[in-house]
Each structure stands twice: as structure tokens, then as C-alpha cells.
Amino acid sequence: MNENKVKEITKRYIQRSLWLVIALALCCMGCLTYLSGITDRPLMAPELAISTVYSILVLYIYGYSWKAVAKSSPMNLTKFYMAASALRMLTAVMVIVIYCLVVRVHADIRNFIIMFIVFYLTTLIFDVLYFSKVEKHNKIEK
């Protein structure tokens, strides 16, 4: 893969994943606003903010890390996908554990974990689909 193609793939990945996270946050905000109107539960803004910020940070780090590996050693991309997925899962578990230690209300913890897992799984599925398409396209070109 040439350098311009790697830059284009990274730029497109970051744009699309950022739009995905924003759309997901807006959908969650709409659902939470509706639910807070019919129940006595607050809007859960901190939980939504943590999930959104985590997802955006991870997508930027993942995108630029992929770019660095694709430029320097494209033969190691398979190892990168495995290592990056493992690191993403470890950081997600750390965020959840830290939240559980800070917030001691079981209902809030449950709601946060559900929201966080929705963000995590959605971005994970997007990454798998996006980069499998990229890899498939690159194998066809070879």
C-alpha cells in the first residue's frame, strides 16, 4: 500500500467512526431525554459523556496507530488488529472498574455499563467491518 492510500484510508476511518460515535451519542441523548421525562431518573449526562469521550479517544488512537503500522510494516497488520483489540478491551474494563469504584449506586453502575457496552460493541463492529473491507480490497489489488 502506498503512503497516500494509507492516509486516505485513515482519514476516511476517522471521519466515519467519528460520525458513528456522534450519531450514537445523539440517539442515546434522545432516548435518555425521553426516558427522563416519563420516569424520575436523571438524564445520565456523565455516563453519556464518559462513553462518548472514551470512544472518540480510542478511535483516534486506533486510526493513527493503524496508519503507523500500515506505513512501516504492513505485513504485521494482523498482529496489530489482535493487539489493538486486546488493549481496547483492557482499557474498557479499566474504565468500567474505575467508574464502579467512584460511583457506588448499583442502578447508576448498571446503566453506565449498558450504555458503555453499546458504544464499545458498536465501534468494535464498525472497526471489524471497515478494516475487513480494507484488507479484502487490498488483497484484490495485489
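In what follows, the structure referred to is the one given above.
Residues numbered from 1 in each chain as written. Predicted model: local features only at pLDDT ≥ 70, side-chain atom pairs only at ≥ 80, totals over all residues. Heavy atoms only, no water.

Trainee: Mind showing me how you'd approach the overall build of the protein here?
Mentor: Helix and strand counts for the protein come out as four helices and zero strands. The linear arrangement of helices and strands in the protein, starting from the amino end, is α-α-α-α. Its C-alpha atoms give the protein principal-axis dimensions of roughly 60 × 30 × 20 Å. Of all intrachain contacts in the protein linking residues separated by at least 6 positions in sequence, the fraction that spans at least 24 positions is 75%. Within the protein, one finds 16 positive and 8 negative side-chain charges whose respective centroids are separated by 7 Å. (Helix = DSSP H or I, 4+ residues; strand = E, 2+ residues; numbered from the N terminus. Contact = heavy atoms within 4.5 Å. Lys, Arg positive; Asp, Glu negative; His and termini not counted. Charge placed at Lys NZ, Arg CZ, Asp CG, Glu CD.)

Trainee: Honestly, helix α3 (residues 77–102) in this entry has me stumped. Any pointers?
Mentor: Since the α-helix turns once every 3.6 residues, residues separated by three or four places project in the same direction. The terminal C-alpha atoms of α3, which comprises 26 residues, lie 37 Å apart, in line with the 38 Å expected from a rise of 1.5 Å per residue. Along α3, the positions that sit buried rather than exposed are L77, F80, Y81, A84, R88, A92, I96 and Y99. (Expected span 1.5 Å × (residues − 1). Buried < 20%, exposed > 50% of the residue type's maximum accessible area, 1.4 Å probe, protein only.)

Trainee: Please clarify how the environment of D127 should be interpreted in this entry.
Mentor: If you trace the backbone, D127 turns up in helix α4 (residues 106–141). Using a relative accessible area of 5% as the deciding quantity, one classes D127 as buried. Taking the C-alpha atoms as reference, D127 lies 8.9 Å from L59; in sequence the two are 68 residues apart. Apart from residues no more than four positions distant in its own chain, D127 is found in contact with Y13, Y62, R88 and S132. At 2.8 Å, the side chain of D127 forms a polar contact with the side chain of Y13. (Polar contact = N/O pair within 3.5 Å; in protein donor to acceptor, adjacent residues only side chain to side chain.)

Trainee: I would appreciate a short explanation of the packing of helix α2 (residues 45–72) against α3 in the present structure.
Mentor: A packed helix pair is summarised by two numbers, namely the angle formed by the two axes and the spacing between the axes. Running from N to C, α2 and α3 point in directions that differ by 160°, and their axes come no closer than 11 Å. In terms of axis orientation, α2 runs roughly antiparallel to α3. Relative to α3, α2 is oriented so that their crossing is right-handed. In contact with E47, I50, Y54, V58, Y62, S65, W66, V69 and A70 of α2, α3 contributes L77, F80, Y81, A84, R88, T91, A92, V95 and Y99. (Axes fitted to C-alpha atoms, helices over the stretch in contact; angles between N-to-C directions. Parallel < 35°, antiparallel > 145°, perpendicular 65-115°, else oblique. Left-handed = near helix turned anticlockwise from the far one by under 90°.)

Trainee: Mind showing me how you'd approach the nonpolar core here?
Mentor: Soluble globular proteins tend to bury their nonpolar side chains together. Judged by nonpolar contacts, the single largest core of 26 residues is most densely connected at Y13, W66, F80 and F119. Of all the secondary-structure elements, those providing two or more residues to this core are α1 (3–38), α2, α3 and α4. The contacts of F119, once residues within four sequence positions are left out, are V21, L24, A25, C28, L48, S51, T52 and S55. Counting residues in each nonpolar core, the second largest holds ten residues, with V58, I109, F112 and Y120 among its members. (Core = buried A, V, L, I, M, F, W, Y, C linked by side-chain atoms within 4.5 Å.)

Trainee: Sorry, what's going on with the packing of aromatic side chains here?
Mentor: Note on aromatic pairs: each is described by the distance of the centres and the angle between the planes. Under the counting rule described, the total for this entry stands at 15 aromatic pairs. Taken together, a centroid distance of 6.0 Å and an interplanar angle of 50° make the contact between Y13 and Y62 tilted. Within this pair, whereas Y13 is found in helix α1, its partner Y62 is found in helix α2, the two being separated by 49 residues in sequence. Here Y13 falls in the buried class, since its relative accessible area comes to 1%. By relative accessible area, which is 9% here, Y62 ends up buried. Taking 6.0 Å as the distance between ring centres and 20° as the angle between the ring planes, the aromatic pair formed by Y13 and F126 counts as stacked. In this pair, Y13 sits in helix α1 while F126 sits in helix α4, placing the two residues 113 residues apart along the sequence. Under the relative-accessibility criterion, F126 is labelled buried at 18%. Through a chain of ring-to-ring contacts, the aromatic side chains of Y13, Y62, W66, F80, Y81, F126, Y130 and F131 assemble into a single cluster. Geometry around Y62 places R88 over its ring, the cationic atom sitting 5.1 Å from the centre. (Phe/Tyr/Trp six-rings, centres within 6.5 Å; stacked < 30°, edge-to-face > 60°. Lys NZ or Arg CZ within 6 Å of the ring centre and 35° of its normal.)

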